[in-house]
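Close look at the chain arrangement
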Amino acid sequence: MSHNIYIYIFVMAGVTYLIRLLPLTFIRKEIKNTFIRSFLYYVPYVTLSVMTFPAILSATQNLWSALAGFAIAILVAWKGGSLIKVSAAACVAVFLVELIL
Amino acid sequence: MNHKTAFRQGMTDGIPIALGYMAVSFTFGIMAKNAGLTAFQAVLLSLTNLTSAGQFAGLGIITASASYIEMAFTQLIINLRYCLMSCALSQKLDQRTPFFHRFFIAYGNTDEIFGVCSCKEGKLHPFYSYGVIAVASPGWAFGTFLGVISGSILPGRVLSALGVALYGMFIAVIVPPSKSSRIIAGVVLVSMAASLIFTWLPLLNQISSGFRIILLTLLIAGGAAALFPVRTNDAQ
């Protein structure tokens, strides 16, 4: 049996959207429980850290350029660089290292 | 902050996300073409889904001509982490923010957009979200389009460099709060170490990246909440 590509797309988009939407619509009030509040407060830091490392090490053509990008990003961020500055600096670092290597 | 300032700020922060998205969705476009999708279908898929792992997995299912139910389940499992992110985001919104905004913010709650929105100081202005989405989402769609129409517009070096754009953005989000709070710095380091272990250790590395994120978030954010509860005024 052949499937319709648009129905596939609709199913994918629908499921993904509902996962994102339901918690936002169900949790309308500010949560008072300190543990849950604290948990949700820490959530982004954990998810972003887990997604960044070690995945960044395999994001480029070789490990060295990735390490350079990683180090430069931390340095620029530490100095207070904006999102776009940090991101651009990491890209440039990767590009330059790959030109040399 | 008024709507315009918030929107413009969001657009600026959306630029690195859009660049990083293009690198990833470019590859997606190439694969979509190989799976037999037209440029229109691929761009429609990218615009309506706005997620990477889920879309790549979806292509596999389309190629295999598997059932719609299977498709729904795969998406549910791969994208379940967004549920946690939306829970966290629900607490970033001011209760006075009109309810309908949540329907639009939900659309753009990707890993990256969640990252910049949830780590912003204070409450989240919906127009900040819209600004980020307005730049990031076309970037995702445009990259897909480029990938479908030609696999060779972007040279490998440029793709490789853009490959770190999203990670650079994540680092820009997590480093400043780590500087001012030792607890957050600890949470970040423990998370990265745990993620490394889960990537390298046999058996643990069998866990998919989506579940790894969920599992580690429950464990580490839960542990941090138990050990270092945040006083009400700080948790914003």
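For chain B, the name recorded in an unreviewed UniProt entry is Putative branched-subunit amino acid permease, with Frisingicoccus caecimuris as its organism. You can read under Sequence similarities (unreviewed entry) in the UniProt record for chain B the words "Belongs to the AzlC family." Quoted verbatim from the Subcellular location (unreviewed entry) heading of the UniProt record, the comment on chain B is "Cell membrane".

With an unreviewed UniProt entry as reference, chain A is termed Branched-subunit amino acid transport protein, source organism Frisingicoccus caecimuris.

The next thing to look at is the side chain of Thr144(B). Residues and elements named next belong to chain B. Considering the arrangement of structural elements, one finds Thr-144 in helix 8 (residues 126–149). By relative accessible area, which is 0% here, Thr-144 ends up buried. Leave out the neighbours within four places in its chain, and Thr-144 touches Ser-25, Phe-26, Phe-28, Gly-29, Ala-42, Val-43 and Ser-46.

All names here are of chain B. When the domains of chain B are assigned, the result is domain 1 (3–173) and domain 2 (181–236). Using only C-alpha atoms to locate each centre, domain 1 and domain 2 end up separated by 23 Å. Residue-level contacts link 8 residues of domain 1 with 7 residues of domain 2. In this assembly, domain 1 packs against domain 2 so that about 630 Å² is buried in total across both faces, 81% of it on carbon and sulfur atoms. There are 0 salt bridges connecting domain 1 and domain 2. Of all the elements in the fold, those that place two or more residues in the side of domain 1 that touches domain 2 are helix 4 (68–78) and helix 5 (81–90). By residue class, the composition of the side of domain 1 that touches domain 2 is 4 nonpolar, 1 polar and 3 charged.

About the criteria used
Residues numbered from 1 in each chain as written. Chains lettered and ligands numbered in written order. Predicted model: local features only at pLDDT ≥ 70, side-chain atom pairs only at ≥ 80, totals over all residues. Heavy atoms only, no water. UniProt positions renumbered as here; feature names shortened; annotations may be inferred. Helix = DSSP H or I, 4+ residues; strand = E, 2+ residues; numbered from the N terminus. Buried < 20%, exposed > 50% of the residue type's maximum accessible area, 1.4 Å probe, protein only. Contact = heavy atoms within 4.5 Å. Domains from an automatic or database assignment. Buried area = accessible area lost by both parts, 1.4 Å probe. Salt bridge = Lys/Arg side-chain N within 4 Å of Asp/Glu carboxyl O. Nonpolar A, V, L, I, M, F, W, Y, C, P; charged D, E, K, R; others polar.

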